[in-house]
Every structure is written in C-alpha cells, then in structure tokens.
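Here is how the chains run, residue by residue.
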Amino acid sequence: MDLTLYVWRQKGPAEPGRLQQYEARDISPDMSFLEMLDVVNEGLIKAEQEPIAFDHDCREGICGMCSQVINGVAHGPVEKTTVCQLHMRHFKDGDSLYIEPWRARAFPVIKDLIVDRSALERVMQAGGYISVHTGGVADANAILIAKTDAETAMDAAECIGCGACVAACPNGSAMLFTAAKVGHLAMLPQGRVEAAQRVCVMTEAMLKEGFGNCSNHYECQAVCPKGIKVQFIAKLNREFIKAQITTRRDE
Amino acid sequence: MILDGKSPSGPLAEKWEKHRHEMKLVNPANKRRYRIIVVGTGLAGASAAATLGELGYNVEAFCYQDSPRRGHSIAAQGGINAAKNYPNDGDSIYRLFHDTIKGGDFRAREANVYRLAEVSNSIIDQCVAQGVPFARDYAGYLGNRSFGGAQVSRTFYARGQTGQQLLLGAYAALCRQIKAGSVRLHPRTEMLDLVVVEGEAKGITVRDMVTGQIRSYAGDAVCLCTGGYSNVFYLSTNAAGSNVTATYRAYKRGAFFANPCFTQIHPTCIPVTGEHQSKLTLMSESLRNDGRVWVPRAKGDKRPPGEIPESERDYYLERKYPSYGNLAPRDISSRAAKEVCDEGRGVGASGRGVYLDFGDAIARLGQDRIQERYGNLFDMYEKITAENAYRQPMRIYPAPHYAMGGLWVDYNLQSTLPGLFVLGEANFSDHGANRLGASALMQGLADGYFIIPYTIAHYLAQTVPGKVTTDHAEFSKSLEEVDGRTKKLLSLKGRRTVNELHRELGRVMWEHVGMARSEESLGKALKLIPQMRAEFWEDVRVPGSGAELNQELEKAGRVADFLEFGELMARDALFRRESCGGHFRVEYQMADGEARRDDENFCYVAAWQYKGVDQEPVLHKESLVFQHVPLSTRSYK
C-alpha cells in the first residue's frame, strides 16, 4: 500500500517545528508502524535527507520508549497497543497519516518525534518506592497477600511509563501514571507503611513538574497500552485525602 | 596464559561464606570517597547501582535509554528461579546448582553456579520486600510454576511480565538512591570507550546522545552491566538498541572475551515476514506444554494446515525425542526446526516456520482452559500475525535470544583488567554453553544485589580513592580516539545505509555462525566478515552531524563493533571442535544427530585477548573442574 505521511519535524527544543509531507510506498500490511518509518528513513538517507528521529527500543510493547501521536491519538488507532506493536494492516492504501510527538507542557520536544520525559522520572524519584535496603528482609512468604489484592496491585504495576496518558489528556495531567504507582504500592502491606507520605510527595512532584490536574476526561485510560483503569486515579484521590487528615509530616 | 577463576578452596557449600569473611571491607566512613561507574541499568546494573549507593559509595549510572526503567530485562516474560522449595517437591540449593551445571552442558564454573543457587532465595525475599507483585495462591502465599530443564516447580512469576516487575523493583530502589544523592543518573548517554590507567580500569568515555558532546568520567572502579550481543544476528529478540559496544570496547582495551560462540537460539518466536523485519518477538516457551510441533511430511506441501490429514503430518519432536517430546530443551528444538525447514518442509509464505498446534489441547481441555493459560500470548500472536491460534496452528521459528558468552570474569566478577567488573548477561560466568529458562533474571539480580557489593569492596580497599582524575593523559587519548572515530563515520558519506550493512552481517552470522556450524561455514564467515567490514568503512552513509541527536550515528558505531565482534564469534566457534549446549558443530554429532561433547579436549573456558583489528586474537584457557556434578552426556530422549 502507499501512504501519505505528515510528520512533525523539529530540529531542537528551541527551534520551530512543522509538519512535513512524505510518501511511504510499497508498505506491507505485515510491517509494524515503526518498520514502516524505518523504510521511509532508509529512503530519506539514500536521498541525502535527514531521517526522522523517533524513540523506540524493545519493539515488543513493554519498554515504554516509543511515543507517537498518530492521527491525533497517542499510540494510534488500536486499543491497548503501543506504536511498535501497531501493524500496518490497520491502515489502507491511500491513507493520510499525521504523526506527531507527545505534546504536553512537561514534555519538551528534543527532536522531531522525541520528547523529554524526565519529569516522570522526578515524580518516581520523589517517592515511587518502598524504602527498603538490600538484604536483611523477611522470608518472602512471611508476608501474606490476598490473591485479589496482589492481582489489583499487578493491574496497576503493569504501567510501562510511556507517557501516553499525559499526551492524551487535555490538561497534560500525569494522574494515571502517578496513580498507577501509588495504587500498586498502596495495595500491598509492604507499601502501606509509607503510603500516606508517598501519595503526598508524588502528587506534589507531579504538580511541580507542570503536569495539569485531572478533570475526568478519561482520555488516559482510552490510550493506555496496558489498559490501566481510571479507578486508580480515584484511589489516588482517596489516599491523598486520607493522608491530608492523618499524616504527621515531619519535614 | 592459564586463567585462574579464583574459586575459593574448601567445601562447595561453604566457599562463598568463607570468601566473604576473607575479603577486605571498606570502612563506612570511607565509602563516600570512592566513585563507582555503573554502565547499563537493566536488572544487573540497576540492582548494583542502587545497592552500592545504599552502602554509601558515590555511583555514576549510565544508560542509553531515556529512563533506567527501559533496560531490556524488562521484556523477560516467564519467571525467575529460586531454590525456595515452597511446593515441597524436592528442590534445594544443591538441586538448582546441579540442574544449572547440567543444563549448561558442563561449561560453567562450579563455585560460581553454586553461589548463584545459594543467593537465589534472598532475591525473592528482596523483591517481595520491594513490592514486586508476584503471583499468589488463595491463601496469600507465593505461587510457583515449572520450566524447561527442571523436574521441580521453582519459578516465581508475575503474569507474563516477570522481567518488567523485577526491573521496576530495582528501578524503584535506584530512584530512591538518586533522590538521596548517592547515585547520579546519566540517561541518553552511551559508553564508547573504557579508560585504562596503568593496567586498571579507571573511567569511561561517553557520548551524550542529545547534545552529541563526548566526555569522560573517572572512577575508582567500573561495572559493565550492558547485556548481551544477540543483535550481531541483526534479527533477534533483543531490543533495537542492544549492542556489544561497551563490552567490545573493554575487550579492545585488554579485558578477555570468553566463549563468544555460546549463543542461545530460542525455539518459539514469531517467524520473519519480510526484508523489513526489524526484530523478532518471542512467545513464552510455556506454550510447548500444550502445543504440538509439526510440519507436513511431504516437501513443498502448501495446503492450509487444516487440510493436511493426520497421516501426512510429521510431529518430529515427538518422533525423535519420545520421552521429552515437545518439551525438549531449547537448543535441540531449535535445531530440529531448522532441519525440517532446510529439507523444504517449512510452513508459511517464507518456508521458515513450523506449526505449533493447540488443536488437540483445545479438544481435550476446551478453549476456555487454553485461554486461561495462554490468553495473553494468543492475543499477542494475533496482534502481530492477524491469525487466530485457537482456529489454526501458530507458526513459530527459532530466533537468537541470549548470549551465554561475555567478558571473562573471576569468582569476584572481576575481568582480566583490575577494577573492571562485569555483571549479568555481559559476563560469561554462570550458564555454560546453554542457559535454562528463568535463570537470566536470577543471575542479573544475584550479581547486582548480593555479589558485587562484597567483591568490589575487596578491590577498592586495596586502592587509593580518587587517585586518577580525568586530567590523566589516558583520558585525553580516549577522547581523541572516540572523537576521531565519530568524525570518520560522519565523513564517509557513502551509498549504503547502516541498516543495510547490519542486515547483511546478520544474514552471514545466521547462515554460517548460527544454529549448525561447520568448519566450512565458519571459514566462509571468516572470509566474508572482513570484506563487509571493509565495505562498511568505505561506503557507509551516516547523515547529519556529531553535535546533535543523531540516531544513525549511534547505530553506525554499534554496527562497526558488531562487524569486528562477529569475526571473533566465528573464530571461537571454529576453534571449539565439539558440540555442546547452544554450540553445534555438524562434524561433531552422534549417529542419531545429538551433540557430541569433547571433554578430553575442550573442557575449558576459551578467553580471547585482543591483538588488533586484522590480527588473530590470542587464546587463553581456564580449565573447568567438575568435582560435584560428574561429567555426563545430556540426554532428553
């Protein structure tokens, strides 16, 4: 199949960007979306033009590196699918595709389709962990966890940290991302000890990084490649309110 | 040179404890005076950096991705082994040790493997304490499942994403240390050289992948946790960015490379669809528990699978290995698939595939049960191939997956260069010639959480902290060399793209240094690789400049190293005139086609020393002594 691409090109964070038109010819339906871009890039290099820069790594939907908005939808038209797992058979001959980077105040563009997601790192560093040292812990079976709780924790822990939730949110909110980590750890007895402190510092870090607030659009859930539910945002809110009432904040 | 693995003396079960007691320690107040460089943030790197930071060392952690959470350990599906014996089915540290030595076809060091089995239990405890949501039963206890090469259930798992959950645990510990200020993180930064001062590893030279700046970092020790080199085959289950550069640069600076020909080809991957293919996706091996592998009896039979009657199907694994059947080990299953495809009986458009058929299992257990067991895998398969495996058999084909070979290390995980430690898949130490399923995660975390914190102290305690700074002449020399190479790549302006040349290298490696190797095929590879290398350095086209984010430049540097490393692999494979584990030489097989190991002549680790790009490397040997598991032939019949 032949496609017309309109790809966001931007040389650097301070440079203006624009959509540039390319033709993608002889695209096989078996190609992944990134393989289609590989083919376009090979052509650009041969034509002595600069290839399109885009983030990718595992190409099997788990590392969270790939990040493109396709025709206005983060990760493209197929539900619960990252760009690298999106196959060209979902498009048809003659289609026009608009390919853009994640757009959010907290994610400045580095080049073309690559954005800086280090704001998410700082949210994690603020408190997205259990403060345990290596060694000196109890036997793994000393902590019993109800199967349903472990399953719910896992539902949240599946987050791959791609940032599609932020890109899809009209407010550029990282609530689903933060809620996934807060929810995962708050479901487990090991994580309960610091739960109140954690939800406060992570929320604070999130707001400081320039992520917006949640106003219940649920766009995040719709684009999440791992199907993480907005129920975790509700849980984050409950944890947050509980913490405001009960926590003694030492610092 | 005869290499000494430095296994401690004394009874096997007491070696590690005794050794820990004998090693020197660094005083708590002195730890912050030492700077440790950790390259790579997969399971080994993240766990090492976090733990060393907790202990009070100054850690500089580097990764080429935008976040440490994206190391390729994240893609491991199946699980992690440990000798907990929770199911009460007869497991023990000794049994895990025994299975690993045997599974590795007697090409690993006994003392290392025993220690790995010994610390395996602490890993599970640690991960649970971090909040890793392992699978549990209704009483709230941890669940286990069985895996290839073992007769006990010792594998812990978190759905089909065990690697992800373990890495997120280590990443969380790392985040905590970054916040505490003990670890400084350098994402989107790629190591391009190792700096050696007076014979000891004292720093690295890196390229900032966003600005293009090339700079050096000095440290009192360097830990390489940079994973495996399966991308030498171009198509593999590794991430697109996985590469050999860090370990290969260390090799060029004097560290020995051990057993590079020991690579694992995984039998159950989704077949290639065409020239555009950029990676191969693995389907968990657990599928072979219920799927039956077959191809048509007749060559070139292109009928759809449903139209081929039972009598015209060849269930070749069940036929050749009646007792293990479809669960034969990875190397044996992979080779058998290649054989039937070479005979012209392969399926799918390309003819490079075999069927994995769930028809019988669905008829016996019902579709619901199969869906419950493998639903996510069937979904993934459908996503990629647009085929419904409940209605027609899956098509699978082997793909390069894991590198058992790596930089040579002693019992302390120290390479032949003092101060250079190598962890996880990047070293050669624990899996011999073949790795068992669910053992890679175990090794990465064992090295990072529980081994390096002790052994690195022993080295550091004998050095003066901060003795070498980046003012040393070796650092400017390294910067110049890296800069020169980058400029050269950019100046070639040839006609071939990096991908094209990488794809060609991959084809040669797969064809001649792949699953079945011979003196003839390896000779061919040794002739072709230098030609391809010459072509690369004459005709590659790397667009753009060095002073910006330039993904083609990144790839070009990695492929340039693969073009040298591939030759080393072929040379090692040619030299090892025996078949063992993942290394199969067609000249050395039994009458029935099984691998013929030669313990008399090859019961050693082959460690290669670099002598120059177009010169033959020098071979050094570490003899392997088996005092506890008697040398025997693996049989899965």
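All figures in this text were calculated on a predicted structure; none of them were measured in a lab. (Residues numbered from 1 in each chain as written. Chains lettered and ligands numbered in written order. Predicted model: local features only at pLDDT ≥ 70, side-chain atom pairs only at ≥ 80, totals over all residues.)

## Description of the overall build of chain B
Our working rule: In DSSP terms, a helix is any run of H or I states spanning at least four residues, a strand is any run of E spanning at least two, and both are numbered starting from the N terminus. Atoms counted for the radius of gyration: C-alpha only. Globule rule: 2.2 Å times residue count to the power 0.38. Exposure in this text rests on C-beta crowding, where 20 or more other C-beta atoms within 10 Å of a residue's own make it buried, 12 or fewer make it exposed, and counts in between make it partly exposed. The C-beta atoms are placed from the backbone. C-beta atoms are first placed from the backbone for all residues, and any pair lying within 7 Å is then listed as a contact.
Looking only at helices and strands, chain B features 17 helices and 19 strands. For chain B, whose C-alpha radius of gyration is 24 Å, the value lies close to the compact-globule estimate of 26 Å for 637 residues. For chain B, the C-alpha atoms occupy an extent of roughly 75 × 60 × 50 Å along the three principal directions. Each of the 637 residues in chain B was classed as buried or not, and the buried ones make up 59%. Counting contacts in chain B only where the partners sit at least 6 residues apart, residues at least 24 apart contribute 73% of the total.

## What about the overall build of chain A?
Helix and strand content of chain A: nine helices and seven strands. Structurally, chain A occupies a C-alpha span of about 60 × 40 × 35 Å along its principal axes. In chain A, which comprises 251 residues, the proportion classed as buried is 55%. A separation of at least 24 residues holds for 71% of the contacts in chain A among residues at least 6 apart in sequence.

## Examining the sheet that holds strand β1 (residues 35-39) of chain B
All names here are of chain B. Rules: Two strands are counted as paired when DSSP detects at least two bridges linking them. Here an angle of 0 to 180 degrees is reported between the N-to-C directions of two axes, which are lines fitted to C-alpha atoms, with helices fitted over the stretch in contact.
Pairing is parallel across the open sheet formed by five strands, whose spatial order is β5-β2-β1-β9-β17. Every other strand in the sheet has two partners, leaving β5 (183-186) and β17 (420-422) as the edge strands with one partner each. Recorded for the sheet is a direction-independent mean angle of 20 degrees between the axes of neighbouring strands. Of the pairings in the sheet, the one linking strand β2 (residues 58-62) to β5 comprises four bridges and is parallel in character. Looking across to β5, one finds that E60 is bridged to R184.

## A look at the sheet that holds strand β13 (residues 313-314) of chain B
All names here are of chain B. Taken in spatial order, the five strands of this open sheet run β11-β15-β14-β12-β13, and their pairing is antiparallel. One side of each edge strand has no neighbouring strand; the edge strands of this open sheet are β11 (263-269) and β13. Pairing of strand β12 (residues 292-296) with β13 involves two bridges; the strand directions are antiparallel. Paired with P296 across the strands is R313, a residue of β13.

## So, the interface of chain A and chain B
Rules: Note on residue categories: nonpolar means Ala, Val, Leu, Ile, Met, Phe, Trp, Tyr, Cys or Pro, charged means Asp, Glu, Lys or Arg, and polar means any other residue, Gly included.
Between chain A and chain B, the residue contacts involve 63 residues of the former and 59 residues of the latter. Elements with a contribution of two residues or more to the side of chain A that touches chain B: α1 (33-46), β6 (109-111), α2 (118-127), α3 (147-157), α5 (175-186) and α6 (189-192) of chain A. Among the elements that line the side of chain A that touches chain B, the one with the most residues is α1(A), at seven residues. Looking at the side of chain A that touches chain B residue by residue, the class counts come to 30 nonpolar, 16 polar and 17 charged.

## Let's talk about the domain arrangement of chain A
Residue and element names in this part refer to chain A. Applied cut-off: Domain start and end points were adopted from an automatic or database domain assignment.
Domain annotation of chain A identifies domain 1 (3-111) and domain 2 (118-246). For domain 1 and domain 2, the distance between their C-alpha centroids amounts to 29 Å. In this assembly, 18 residues from domain 1 lie in contact with 16 residues from domain 2. Across the side of domain 1 that touches domain 2, the residue classes tally to nine nonpolar, six polar and three charged.

## Side note on the environment of B:E118
Structurally, B:E118 is set in helix α5 (residues 110-130). Along the chain, B:E118 and B:W16 lie 102 residues apart, while their C-alpha atoms are 8.9 Å from each other.

## Describing the nonpolar core
As a rule of thumb, soluble globular proteins bury nonpolar side chains together. This is how it is decided: A set of buried Ala, Val, Leu, Ile, Met, Phe, Trp, Tyr and Cys residues, joined through C-beta atoms within 7 Å, is what we mean by a nonpolar core.
In terms of nonpolar packing, the biggest core is built from 289 residues, with A:C165, A:V166, A:L176, B:C223, B:L224 and B:L407 touching the most fellow members. It is helix α12 (residues 440-460) of chain B that provides the largest number of residues to this core, a total of 13 residues. Taken domain by domain, this core gets at least three of its residues from each of domain 1 (3-111) and domain 2 (118-246) of chain A. Not counting residues up to four positions away in its chain, the partners in contact with A:V166 are A:W102, A:A104, A:A106, A:F107, A:G172, A:S173, A:A174, A:F177 and A:F211.

## Focus on the pairing of β1(B)
All names here are of chain B. Note the cut-off: Orient the strands so they point away from the viewer, and a crossover whose first-strand-to-second-strand path over the helix runs clockwise is right-handed.
Burial analysis of β1 places five of its five residues in the buried class, the great majority of the element. The alternating pattern of β1 places R35, I37 and V39 and I36 and V38 on opposite faces, both of which are buried. Viewed along the sheet, the connection from β1 through helix α3 (residues 43-55) into β2 turns out right-handed. Here β1 pairs with strand β9 (residues 221-224) via four bridges, running parallel. Paired with I36 across the strands is A221, a residue of β9.

## A look at the packing of helix α14 (residues 498-512) of chain B against helix α16 (residues 551-575) of chain B
All names here are of chain B. Heads up, the condition is: An angle below 35 degrees is treated as roughly parallel, one above 145 as roughly antiparallel, one from 65 to 115 as roughly perpendicular, and anything else as oblique. In this scheme the handedness of a crossing depends on how the near helix is turned from the far one: anticlockwise by less than a right angle means left-handed, clockwise means right-handed.
As a packed pair, α14 and α16 sit with axes 10 Å apart at the nearest point and diverge in direction by 25 degrees. In terms of orientation, α14 lies roughly parallel with respect to α16. For the pair α14 and α16, the sense of crossing is left-handed. Contacts between α14 and α16 involve V498, L501, H502, L505 and M509 from the former and E552, K555, A556, V559, F562, L563 and G566 from the latter. Taken together, the residues of the contact of α14 with α16 break down into eight nonpolar, two polar and two charged.

## A look at the environment of A:S67
All names here are of chain A. Position of S67 relative to the elements: it lies in the loop between α1 and β3 (69-70). Among the residues examined, S67 registers 25 C-beta atoms within 10 Å and is labelled buried. Residues S67 and G43 lie 24 residues apart in sequence; the distance between their C-alpha atoms is 22 Å. The residues contacting S67, other than those within four sequence positions of it, are D55, P101, W102, V115, C162 and G163.

## A closer look at unusual backbone geometry
Residues other than glycine seldom take positive phi values, yet A:N71 does so here, at roughly 45 degrees. Within the secondary structure, A:N71 is located in the loop between β3 and β4 (73-74).

## Description of the confidence of the model for chain B
What counts here: How sure the predictor is of each residue is captured by pLDDT, a score from 0 to 100.
The predicted model of chain B has a mean per-residue pLDDT of 95, with 100% of residues at 70 or higher. Across the whole predicted complex the pTM is 0.97, and at the interface the ipTM reaches 0.98.

## Observations concerning α5(A)
Residues and elements named next belong to chain A. Counted only if it meets this: Take the residue count of a helix, subtract one, and multiply by 1.5 Å to get its expected span.
An ideal rise of 1.5 Å per residue puts 16 Å on twelve residues; α5 measures up with 15 Å between its terminal C-alpha atoms. Of all twelve residues in α5, twelve are buried; the element is thus mostly enclosed. Among the residues making up α5, those that are buried are M175, L176, F177, T178, A179, A180, K181, V182, G183, H184, L185 and A186.

## Some remarks on α5(B)
A turn of α-helix holds 3.6 residues, and therefore any two residues three or four places apart point the same way. Residues and elements named next belong to chain B. Here α5 contains 21 residues, and its C-alpha end-to-end distance of 30 Å stays within 8% of the 30 Å for a straight helix at 1.5 Å per residue. In terms of burial, α5 is a largely internal element, 20 of the 21 residues being buried. Positive backbone phi, at 100 degrees, marks G131, one or two positions downstream of α5.

## Observations regarding the pairing of strand β6 (residues 189-197) of chain B
In regular strands, side chains alternate between the two faces of the sheet. Residue and element names in this part refer to chain B. Within β6, eight of the nine residues are buried, which leaves it mostly tucked inside the rest of the structure. Bridge analysis of β6 against strand β7 (residues 200-208) gives eight bridges, and the strand direction is antiparallel. Counted as the bridge partner of V195 is G203 from β7. The turn linking β6 back onto β7 is made up of two residues, and E198 within it adopts a positive phi angle of 50 degrees.

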